[in-house]
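# Close look at the chain arrangement
Each chain is listed here by its residues.
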Amino acid sequence: MITQLQAALGAGHVLTSAEDLAVYAYDGTAALKQRPRAVVFPGTAAEVAAVVKLAREHRVPLVARGSGTGLSGGSVPVPGAVVVCLNRLDRVYELDARNLTLLVGAGVLTQTVFDTAEAANLFYPPDPGSMRISTIGGNVAENSGGLRGLKYGVTRDYVMGLEVVLADGSLCWLGSKCVKDVAGYNLRDLFIGSEGTLGLITQVLLKLLPKPAARQTLLATFADMEAAADTVSAIIAARIIPCTLEFLDRKTLQCVEAFAHVGLPLDAEAVLLIETDGHPAAVADEMAQIERLCTAQRATSVQRAATAAEAARLATARRSAFSALARLRPTTILEDATVPRSQLARMVRFVGELAAKHRLEIATFGHFGDGNLHPTFLTDERNPEEMHRVEAALQELFAFALSLGGTITGEHGVGLAKKAFLKQQLGDDSYALLKTIKRSLDPEGLLNPGKILD
Amino acid sequence: MSRRSRAGGSRQLRTSLTKPTLQSLDYSVLQQCMHCGMCLPTCPTYAKTGRERHSPRGRIALMRAVADGELPLSRTFADEMNYCLGCLACTSACPAGVDYATLFETARAAAEAEKVLATPRRSFIRWLTMRFLFTRPRVLRAVGRLLWAYQASGAQAAVRRFRLTRLLPRRLRELEPLTPAIRRHFSPQLIAPVERSAAGFARHRVLVLTGCMQDLMFSEINRATVDVLLANGCEVHTPPVQDCCGSLHAHNGDQATARLLARRQLDAINVDDFDAIISNAGGCGSHLRHYDHLLADDPAYAARAAAWSRKLRDIHQWLVEIGFRPPTSGPASAHGRITYHESCHLCHGQKVSQPPREILRALPGLELAECAESSWCCGSAGIYNLTQPETAGWLLDRKLRNLRATGATTVATANPGCHLQIENGLRATGAGEVAVVHPIVLLAEAYRRERPVPPRADSPRPA
């Protein structure tokens, strides 16, 4: 099969050496590693289709990959798989300013999508923490979220169309530039968040928004978690939807500051990073209200970012939280159990109890505004005893989140990491429906097998 | 292995008896990488190829596989470690604080120890340069003097005009145009061993490191360094004979010689006598600053090395720290728009980014325009432009494009390797009228222009 792949793509775009395979054995998820059989780099959608057809012929599983920064093991190879790396599909095809759309190859970096829009005075809101390196194709396959999810939604909300290669090698275009289009089943949305198990996405048509005229960022510190959680509730109760409403606990704060040196207060128990954007008058008004609410909820300090550059530095610092925590322990297991916003405070308290009960170190940060917390287990993968305790704690975490009407994953996907809990969340019938769809689109089970479901 | 003892230290050239390996590294250094991928967008070789192997994350994964015994230390591994620029841009981007410099140096040393790339020719060149020339400063100067004679006599021009370089092997023929212009005067002819300003009283006592290559190619930068220190209340000590700092060796897999050279420096210089040890070359400074790591396991030197590292300062960093006096005149040779290219080892290795800009901004008559990707490596990366010319050339093109886009007539940079690389590149692309200059040279010029040079005590030059 390797020879055929080399013939189809060019020998330089097929990797088989031990050194090359070793570096495609992981993605961004902790403690998961599996060497693939080969790694291929198709340069066009036609080449992707050719690879899929070859895989089908030889019954070899395929695992799609962008930059390999996913957090649920979606791009970690399965044994004997060929990794299909789509980062060569990196053309920006068309920015249509009249229709507010942007057509790009799946391998284009999300940062490039953002920058291309910005250069035309437009705005692509979803901003996952990895956006400087993750690809839009990967974002679509995982339905990535980001800091702006509270006000602007997630990747799904911005995908108007996509081109996808199916398990039989056929190439489909789903969706259109039309704002309203209900022709046929809503198949486009089926592939968003499908984590490479239903098809390989090769092109994406994105919706853009006008760039907000103004933006302001504020940093509020609190002496206890409860006060921060109450502030969030108060802001929403005042019918203000900020662009971002991010939270960092003390452990996270200290690690982020050690890396980013942006002047975060090291003694606060909890910090809220709040951003509003929109019309300048609205921004000014909302900011003033938010300041008042923070103070009313016993914030120990409230400070606005003086310049856009400072605000950007704070946001970058927040995005590095997950990696910065590695300064404390080498293995960071990042979870994203999400609950409805009203249950946030309970969830945060539970995480604290869990840490004490299982004698674990857990740092928490995340998107307070939309209930998407990132409790991060700080451990060492080389310590099997501690890893067992982490497993036990995770079970309880998910069970509790589900009991509050939440979900096991807000934005990182199920992948390998959360497979075991999916049935619990969906219930038997819904889970069976998932399997029906998978069987129908990939009867031979060659597309990222073993991810999401068995 | 030389048995000669060195003046001032009487130490034997002690090569390490333990082979450097990745297995012997503290595992936590390897494990610190949690493969988040934040380093990928900053890595020049990843930007060029899009292949994980050519990224810091990938290289660390390979090192870990070798340390774990999953992969042998192969030719491919050694080649990959040589493909890495060592620019340390990844360390600036890494939120987890991975010590890539140590990983990289250990990996290269391990590859050399395994001799996977050894050929007689390569081994000879390594011996001739790293073990012979660059451990003998007087010999190096003599070679420099010969090269100067070859250039000053017109012989080099004749060789080039009559294309006699055709007689050279292809590799040397390609490299010949990059030969730096050797200066007529080296540092000891320009700088007295001790210099004090005419004002008499000095607030600080510092020692200036003149470097080995910089001493030959850019001795005026060393003179300028002394001038600006004198103008800012420092008594300046400049030993006339100085050893190579060893960064060439540490970055190219010869840790034993790097340690030897570090020990020599510590033997020759009594750190406690000085408030600061000044480096004006980004690449060297980065290595010099980490003598404490280099000699941490040597009980006879560990304390001195730690003291050295505490006092090591880049010249710009020191000037800002002591509060340098902004000049009232601008430099004679540069006006209008200037841009700043950051030596990767100065901004990523030493984390000195703002001070050179502060100095440039303090110069009247100059407008500092930021260059896009100013902290991207120019391709020089030590001797990378010699070992990996294709990728070095790709990076140089990218850097020249970014520099051109600023519209600046002068490019400031604080590292001799970058200086040469950019100068050669500008000339080769027909932009030779754009000058490349060290920020400290501009500052010294500005001070000189303010008022006539006062007679200095102990100066070898006529007043």
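Residues numbered from 1 in each chain as written. Chains lettered and ligands numbered in written order. Predicted model: local features only at pLDDT ≥ 70, side-chain atom pairs only at ≥ 80, totals over all residues. Heavy atoms only, no water.

### Quick notes on the overall build of chain A
In terms of helices and strands, chain A carries 16 helices and 18 strands. A principal-axis box enclosing the C-alpha atoms of chain A has dimensions of 65 × 60 × 45 Å. Counting only residues that meet the buried cut, chain A has 57% of its 454 residues in that class. Contacts in chain A between residues at least 24 apart in sequence constitute 71% of all its contacts with a sequence separation of at least 6. (Helix = DSSP H or I, 4+ residues; strand = E, 2+ residues; numbered from the N terminus. Buried < 20%, exposed > 50% of the residue type's maximum accessible area, 1.4 Å probe, protein only. Contact = heavy atoms within 4.5 Å.)

### Considerations on the packing of aromatic side chains
Residue and element names in this part refer to chain A. Counted under the stated rule, the structure contains eleven aromatic pairs over all chains. Seen from their ring centres, Phe-247 and Phe-368 are 4.2 Å apart, and the 10° between their planes marks the pair as stacked. Of this pair, Phe-247 sits in strand S13 (residues 244-249) while Phe-368 sits in the loop between strand S17 (361-367) and strand S18 (372-379); the two residues are 121 residues apart in sequence, bridging distant segments of the chain. Aromatic rings pair up to connect Phe-114, Phe-123 and Tyr-152 into one cluster. (Phe/Tyr/Trp six-rings, centres within 6.5 Å; stacked < 30°, edge-to-face > 60°.)

### With respect to unusual backbone geometry
One can expect most non-glycine residues to show negative phi and most peptide bonds to be in trans. Phi angles above zero are rare outside glycine, and Glu195(A) is one such case at about 55°. Among the secondary structure elements, Glu195(A) is positioned in the loop between helix H7 (187-191) and strand S10 (200-207). According to the relative accessible area criterion, Glu195(A) is buried, its value standing at 6%. One non-glycine residue, Arg163(B), lies in positive phi territory at about 50°. Accessibility expressed as a relative area gives 57% for Arg163(B), which makes it exposed.

### So, the interface of chain A and chain B
In this complex, chain A contributes 41 residues to the contact, which on the side of chain B involves 32 residues. Taken together, both faces of the contact between chain A and chain B bury some 2,800 Å²; the carbon and sulfur share is 54%. The interface formed by chain A and chain B holds five salt bridges in total. A salt bridge links Arg53(B) to Asp20(A); the nearest nitrogen and oxygen atoms lie 3.2 Å apart. (Buried area = accessible area lost by both parts, 1.4 Å probe. Salt bridge = Lys/Arg side-chain N within 4 Å of Asp/Glu carboxyl O.)

### A closer look at the side chain of Ser75(A)
All names here are of chain A. Among the secondary structure elements, Ser-75 is positioned in the loop between strand S3 (62-65) and strand S4 (82-85). The buried category is assigned to Ser-75, whose relative accessible area is 13%. Non-local contacts of Ser-75, meaning those with residues more than four positions away in its chain, are made with Asp-27, Val-63, Ala-64, Arg-65 and Lys-451.

### With respect to the confidence of the model for chain B
Residue and element names in this part refer to chain B. Taken as a whole, chain B shows an average pLDDT of 90; of its residues, 93% reach a score of 70 or greater. Every residue in residues 1-16 scores below 50 in pLDDT, and together they form 23 contacts with partners more than four places removed in sequence or on other chains. Both scores are given for the predicted complex: the pTM is 0.91, the ipTM 0.92. (pLDDT = per-residue confidence, 0-100.)

### Section: the pattern of salt bridges
As enumerated under the stated definition, the model contains 52 salt bridges over all chains in all. Glu70(B) serves as the salt-bridge partner of Lys33(A), at 3.5 Å between the closest nitrogen and oxygen. One end of the pair, Lys33(A), is in the loop between helix H2 (18-22) and strand S2 (38-40); the other, Glu70(B), is in the loop between helix H3 (56-67) and helix H4 (75-83), on a second chain. Of the residues examined, Glu70(B) reaches a relative accessible area of 39% and is grouped as partly exposed. With its nearest N and O atoms 2.9 Å apart, the salt bridge here joins Arg319(A) to Asp127(A). Placement of Arg319(A) in helix H11 (residues 308-319) and of Asp127(A) in the loop between strand S7 (122-123) and helix H5 (136-142) is noted, with a sequence separation of 192 residues between them. Residue Asp127(A) is classed as buried on the basis of its relative accessible area, which comes to 2%. Each member of the salt-bridge network shares a partner with another, and the members are Asp20(A), Arg53(B), Arg59(B) and Glu80(B).

### Quick look at the packing of helix H19 (residues 315-322) of chain B against helix H21 (residues 354-361) of chain B
Residues and elements named next belong to chain B. At their nearest, the axes of H19 and H21 sit 8 Å apart, and the two run at 70° to each other. Between H19 and H21, the interaxial angle falls into the category roughly perpendicular. Every pair of crossing elements has a handedness; the one defined by H19 and H21 is left-handed. Contacts between H19 and H21 pair His-316, Gln-317, Leu-319 and Val-320 from the former with Pro-355, Pro-356, Glu-358 and Ile-359 from the latter. Of the residues contributing to the contact of H19 with H21, the split by class is five nonpolar, two polar and one charged. (Axes fitted to C-alpha atoms, helices over the stretch in contact; angles between N-to-C directions. Parallel < 35°, antiparallel > 145°, perpendicular 65-115°, else oblique. Left-handed = near helix turned anticlockwise from the far one by under 90°. Nonpolar A, V, L, I, M, F, W, Y, C, P; charged D, E, K, R; others polar.)

### As for a nonpolar patch on the surface
Residues and elements named next belong to chain B. Nonpolar side chains collect at one region of the surface, where Phe-124, Ile-125, Trp-127 and Leu-128 lie side by side and expose about 380 Å² of accessible area between them. Examined against the element boundaries, Leu-128 turns out to sit in helix H7 (residues 120-132). Take Leu-128: its relative accessible area is 33%, and that puts it in the partly exposed class. (Patch = residues over 30% accessible without salt bridge, like charges linked within 9 Å, V, L, I, M, F, W, Y side chains within 5 Å. Areas by Shrake-Rupley, 256 points an atom, 1.4 Å probe, with all protein chains shown as cover.)

### Notes on the packing of helix H13 (residues 219-230) of chain B against helix H25 (residues 439-450) of chain B
Helix packing geometry: the angle between the two helix axes and the distance between the axes. Residue and element names in this part refer to chain B. With their axes 8 Å apart at the nearest point, H13 and H25 run at an angle of 55° to one another. Considering the angle they form, H13 stands oblique to H25. The two elements H13 and H25 cross, and the hand of that crossing is left-handed. Here Glu-220, Ile-221, Ala-224, Thr-225, Asp-227 and Val-228 of H13 lie close against H25, whose contacting residues are Ile-440, Val-441, Leu-443, Ala-444, Tyr-447 and Arg-448. The residue makeup of the contact of H13 with H25, split by class, is eight nonpolar, one polar and three charged.

### Considerations on empty space enclosed by the protein
Residues and elements named next belong to chain A. Tallied over the full model, the rule gives eight cavities of 30 Å³ or more. Each pocket or cavity is described by its volume, and for the largest cavity that value is around 770 Å³. Around the largest cavity, the lining comprises 45 residues; the ones closest to its centre are Thr-69, Gly-70, Leu-71, Ser-130 and Ser-144. When residues in the lining of the largest cavity are grouped by element, the largest group, five residues, is from H5. Here the residues of the lining of the largest cavity sort into 14 nonpolar, 24 polar and seven charged. Quantified by volume, the second largest cavity comes out at close to 140 Å³. (1 Å grid on protein atoms, 1.4 Å probe; cavity = no way out; pocket = protein on both sides within 12 Å on 5 of 7 lines; lining within 4 Å. Points joined across faces, edges and corners; volume = space filled by probe spheres on them.)

### Here's the deal with the sheet that holds strand S5 (residues 92-96) of chain A
All names here are of chain A. The antiparallel open sheet is built from five strands, whose spatial order is S5-S6-S10-S8-S9. Edge strands, defined here as strands with exactly one partner in the open sheet, are S5 and strand S9 (171-175). Looking at each pair of strands side by side, their axes are set apart by 10° on average, direction ignored. Of the pairings in the sheet, the one linking strand S8 (residues 159-165) to S10 comprises six bridges and is antiparallel in character. (Pairing = 2+ DSSP bridges.)

### Overview of the nonpolar core
Counting 72 residues, the largest nonpolar core has Val39(A), Leu22(B), Met63(B), Phe77(B), Tyr100(B) and Leu103(B) as its most contacted members. Ranked by the residues each element gives to this core, the list is headed by H3(B), at seven residues. Each residue touching Leu103(B), except ones within four places of it in the same chain, is listed here: Leu22(B), Leu25(B), Val29(B), Leu30(B), Ile60(B), Met63(B) and Val98(B). (Core = buried A, V, L, I, M, F, W, Y, C linked by side-chain atoms within 4.5 Å.)

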